[in-house]
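Spelled out from the first residue to the last, the chains are:
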Amino acid sequence: MPFVLGAVFLLSVLPLIRLGWAGFSGLTEGEGAQVLFEPATFAALRNTLLTAAGGTGVSLVLGALFAFAVALTDIRGKLILSFAFMLPMMIPPQVTALAWVEMSGPASPLLKTLGLAPPLGSPQPLYSLSGIALLLGVQHAPLVFLAVKAGLAAIPRDGVEAARLSGASPFRVFRDIVLPLGVPGLVAGAAIAFVSGIGNFGIPAILGIPASIETLPTLIFSRLASFGAATFGEIAMLSTLIALISASGLLLQQRALAGRDYRLILSGASAAFSLGRLRIVAEALLWVILALVLAAPLLALVASSLVPAYGVPLNFETISLKAYGEILFRQSVTLTALGNSLFLASAAAIGLLAITVPAGYLLTRRRGALANFLAILIEIPYALPGIVLAVAFILTFAAPLPLIGLSLYGTIWIILVAYFSSFLAVSLKPVMSAFLQMDPSLEEAARLAGAGFFHRMRDVLLPLVAPAAGASVILVFLIAANELTVSALLWSAGTQTLGVAIFNLDDSGSSDLASALSVLVVILVIALMAALEYFAKYLPEGVLPWRN
Amino acid sequence: MKPLLSAITAALVAGLLSTAAYAENLILYTSQPNEDAQATVDGFEAAHPGVEVEWVREGTTKIMAKLMAEIEAGNPVADVLLIADTVTMQRLKEAGELLAYKSPEAAAYDAALHDADGAYYSTKMITTGIIYNTSAPMKATGWQDLAKPQAKGLVTMPSPLTSGAALIHAQTLAGISGLGWDFYKALAENGATAAGGNGGVLKAVATGEKAYGMVVDFMAIREKARGAPVEFVFPAEGVSAVTEPVGILKTAKNAEAAKQFVDFLLSEEGQKLAVKMGYIPAREGVALPEGYPARETIKVLPVDAAAAVKNSEADLKTFSGIFGTN
């Protein structure tokens, strides 16, 4: 118990207090406060809100469409559809952005190859507010999908059948039963999509910076990157601003989910509208959307990793594996980044178990105000935008640590600690659902037989949580290996991550190398997700997001 | 719990060992593009098999911000710096951050190309000129062409907030009569954009997103040799130039290897390597790479270095004011 409390304090409370304090002193001393009145801040704030709101709209349309189709109709291939639809969320945002840039505009090797490229000087349509909003929408649509699907899964077949038997038309059933039950999920999904859009860094960085469109996260990044430590006060103010917007979005989400209680209807198999002849149309529509938002950009990414120079169409004469050779066998930065990402991801994934297993046990066995408070504290760093978290950790660890005089800033350890903080909630979820599904009588029996706490932990509890712990390790690994926002602010010599390496290669004008590295990362993501899917039958329910 | 704990310990030890290992190496902060940085490091390691180089690449201003933050945190990581311009080096020297080292190779160089105390040495000449896409309707020959109606909305340039070469370029043109900040205002009114580094400009023009750009010479000339549809022009009014100086930090943990690195860059072998990558060498008597006009025909515009050091902040503000936040 003290261990869990101590860990949560270090990873969540301390950095946030430090950030809040820096923001507050900036406000009272007036040194950083003036940044709030600069036109650049207003523009960034406006851009952030506009793109996040636009993105939320796109996410709502895509996510709700897929959720309704998968949860309520009799279309075929639901598992593979869900799996493919979840992919954009798992692919790093800067890779998504690169892929879409390579797909559209006069620059596209894919369009050039097909002879469809727009004429010289046509603007790249994605380098705009609506381009950013569109991609934010695609990136975060799975969040809406998950939230809505969870709500719809609770609609029982009996309720719908009863309504149909008493003569209700499908439209009335939809309006009077499905929609009211779906609304909390829609509101919650919209709130998460909005908050994620506010905090996204990869997409506005790749699409916005070339067009001089700043959002709050990219503004913070470029201030810190170009002016350094002198701007700590201003950066703390801007981070606090983002944190406030995110917090209000999260409150909205909580209210939506804590709303009315729908457990009135008897449980049973979940509802399925039979679409009849329309089924094939619906299936085609869903697959075409997936092809447009997922397959086409990824194909473009592959194409641009195979061309020898900018502006050259791809064909059998020009095709070249030079970019892959360069990043795999010549560039030391790729291997350094790969090594760092693998080390950070595995250390975070495995190390977090030491906190989440006892924390999960505590939170399920001991309910009450303290446990609730703890759960909220664990949730906060995950919900906050990465850039806010990174700034909080810079402020906390910029100076050498007291007592031991060791400096974390500029080493790989500050990134690791920030990852621990950011992914604690991700790691906890599977472990907690395993504890929740466990029959307490098992432990009771062991206790009555005289087994002490550690004995019970070792012989009864741990073997039962092991599959969930395995899933937790892979999930954290997957997300941490692709991370960009936190590491973009915290990296230094020799501590580049894969996300930073891709961003930096693109920035230095080597987008062929950036594309090649991105292709490899996407392959890694799909392989890890497939591994999770393969082990799905051993895992507790609700652990894999693309399954029910 | 046991296998778990030992796994964590193993991971931590592996991490500690790898950070400890950096201390043996030479750490280079550079603003060269990744491929060139790797080639430079490969060449040096081949000449000095005992030394392993760990390197970081970012635009000059970003590298400097990182370095200054590290210095402030009391833990500068870099041993040696290879960045775009002497103005930034001069500022570091004045702050007392650079080690004075008299390289034996310096004798083969024009005295104007290095600091008299040996704080930094120019390694090559990088000029900024005009790049255009070969399918562009107008062939640009001078800076003023970029402000013409034919180039409306079709011009892009690197931002001084990212690139050291771009800052010197802007300061150079701003100091030339007939151009000046008015020229930049005219460009902005003509719809020109300024963001990111030289790499972004190259990409935008080569791929046809933009038709014209200001960019460093070697990127454009090299990409043309690879088959990209671009041309590079040394404008009639003249070009700006930076000299990519190298300097050793006073706090270098591996000063010996750092000195060897400086000597290598200045040596004939190091200069030929630069030529192979497509750069104009700084050393006298080394020929220019293919694709360049004769050295004496390149007209380099003068820049007042002392004023550039003093006015950098103000010039950055002026530039950002003209082109918006970036």
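Counting restarts for each chain, with residues numbered from 1 along the sequence as it is written. Labels are handed out in written order, letters beginning with A for the chains and numbers beginning with 1 for the ligands. The model is predicted, so local features are restricted to residues of pLDDT at least 70 and side-chain atom pairs to those at 80 or more, both for listing and for counting; the totals for chains, interfaces and linings are taken over all residues. Only hydrogens and water are removed before side-chain values are computed, so all heavy atoms of the structure are retained for them.

1. Looking at the sheet that holds strand 3 (residues 80–82) of chain B
Residues and elements named next belong to chain B.
Inference 1: The pairing criterion is simple: DSSP has to find at least two bridges between the two strands. Secondary structure elements are defined from DSSP: runs of H or I of at least 4 residues count as helices, runs of E of at least 2 residues count as strands, and each element is numbered from the N terminus. Pairing is mixed in the open sheet, where five strands are placed in the order 2-1-3-11-4. Bordering the open sheet on either side are strand 2 (53–57) and strand 4 (120–122), each of which pairs with just one other strand. Sheet twist, expressed as the average angle between the axes of neighbouring strands with direction ignored, equals 20 degrees.
Inference 2: Strand contacts of helix 4 (residues 86–94): strand 3, strand 4 and strand 11 (245–248), with the helix running at about 170 degrees to strand 4, the strand carrying the most contacts. The convention used is that axes are lines fitted to C-alpha atoms, helices contributing only their stretch in contact, and that angles between N-to-C directions extend from 0 to 180 degrees. Contacts between residues were defined by any pair of non-hydrogen atoms, one from each residue, lying within 4.5 Å.

2. Considerations on the domain arrangement of chain B
Residues and elements named next belong to chain B.
Inference 1: All the domain ranges listed were derived from an automatic or database domain assignment. With domains assigned, chain B is organised as domain 1 (2–123 + 243–292) and domain 2 (125–241 + 301–323).
Inference 2: Summarising the inter-unit geometry, the C-alpha centres of domain 1 and domain 2 are found 27 Å apart.
Inference 3: Contacts between the two partners involve 22 residues from domain 1, matched on the other side by 20 residues from domain 2.
Inference 4: Buried surface area refers to the total accessible area, computed with a probe of radius 1.4 Å, that the two partners give up upon joining, counted for both partners together. Both faces considered, domain 1 and domain 2 share a buried interface measuring about 1700 Å² in area, 63% of it formed by carbon and sulfur atoms.
Inference 5: Per-residue buried area on domain 1 facing domain 2 is highest for V87, I280 and Y292; these three make up 29% of the total on that side.

3. Things to note about unusual backbone geometry
All names here are of chain B.
Inference 1: Positioned with a positive phi, E244 is a non-glycine residue whose angle comes to about 40 degrees.
Inference 2: Tracing the sequence through the fold places E244 in the loop between strand 10 (240–242) and strand 11.
Inference 3: Only protein chains enter the accessibility calculation, which uses a 1.4 Å probe. A residue is then buried if its area is under 20% of the maximum for its type, exposed if over 50%, and partly exposed in between. With a relative accessible area of 4%, E244 lands in the buried category.

4. Things to note about the interface of chain B and chain A
Inference 1: Between chain B and chain A, the residue contacts involve 60 residues of the former and 60 residues of the latter.
Inference 2: For the pairing of chain B and chain A, the buried interface totals around 4900 Å² over both sides, and the portion due to carbon and sulfur atoms is 58%.
Inference 3: It is B:E35, B:K203 and B:E209 that lose the most area in chain B upon contact with chain A, and together they represent 13% of the buried surface on that side.
Inference 4: By salt bridge we mean one thing: a side-chain nitrogen of Lys or Arg within 4 Å of a carboxyl oxygen of Asp or Glu. Put simply, chain B and chain A have two salt bridges between them.
Inference 5: Pairs of N or O atoms are called polar contacts if they sit within 3.5 Å, as long as, within protein, a hydrogen donor faces a hydrogen acceptor (for residues adjacent in sequence, only side-chain-to-side-chain pairs). Across the contact surface, chain B and chain A share one residue pair in polar contact (both at pLDDT 80 or more).
Inference 6: Listed by contribution, the elements that provide at least two residues to the side of chain B that touches chain A are helix 1 (2–22), strand 1 (26–30), helix 2 (34–47), strand 2, helix 3 (60–72), helix 7 (198–206) and helix 8 (217–225) of chain B.
Inference 7: Top element by residues in the side of chain B that touches chain A is helix 1 of chain B. It accounts for nine residues.
Inference 8: A class-by-class count of the residues in the side of chain B that touches chain A yields 31 nonpolar, 15 polar and 14 charged. Ten residues, namely Ala, Val, Leu, Ile, Met, Phe, Trp, Tyr, Cys and Pro, are considered nonpolar, four, namely Asp, Glu, Lys and Arg, are considered charged, and the remaining ones, Gly among them, are considered polar.

5. Side note on the packing of aromatic side chains
All names here are of chain A.
Inference 1: Centre distance within 6.5 Å is the pairing criterion for rings of Phe, Tyr and Trp, where only the six-membered ring of Trp is used; planes under 30 degrees apart are then read as stacked, over 60 as edge-to-face, and the remainder as tilted. Applying the stated rule across the entire model yields 18 aromatic pairs over all chains.
Inference 2: Seen from their ring centres, Y361 and F435 are 5.8 Å apart, and the 70 degrees between their planes marks the pair as edge-to-face. Here Y361 is found in helix 14 (residues 332–365), whereas its partner F435 is found in helix 17 (residues 412–437), with 74 residues between them in sequence.
Inference 3: Taking relative accessible area as the criterion, Y361 reaches 11% and is therefore assigned buried.

6. What to know about the packing of helix 6 (residues 180–189) of chain B against helix 11 (residues 305–323) of chain B
Residue and element names in this part refer to chain B.
Inference 1: With their axes 9 Å apart at the nearest point, helix 6 and helix 11 run at an angle of 25 degrees to one another. The orientation of helix 6 relative to helix 11 falls into the category roughly parallel. Note that helix 6 runs across helix 11; the crossing there is right-handed. Residues W181, Y184, K185, L187 and A188 of helix 6 touch helix 11, and the partners they reach there are D315, T318, F319, I322 and F323. Angle categories: roughly parallel below 35 degrees, roughly antiparallel above 145, roughly perpendicular from 65 to 115, and oblique for all the rest. Throughout, a crossing is termed right-handed when the near helix is turned clockwise from the far one, and left-handed when it is turned anticlockwise from it by less than a right angle.

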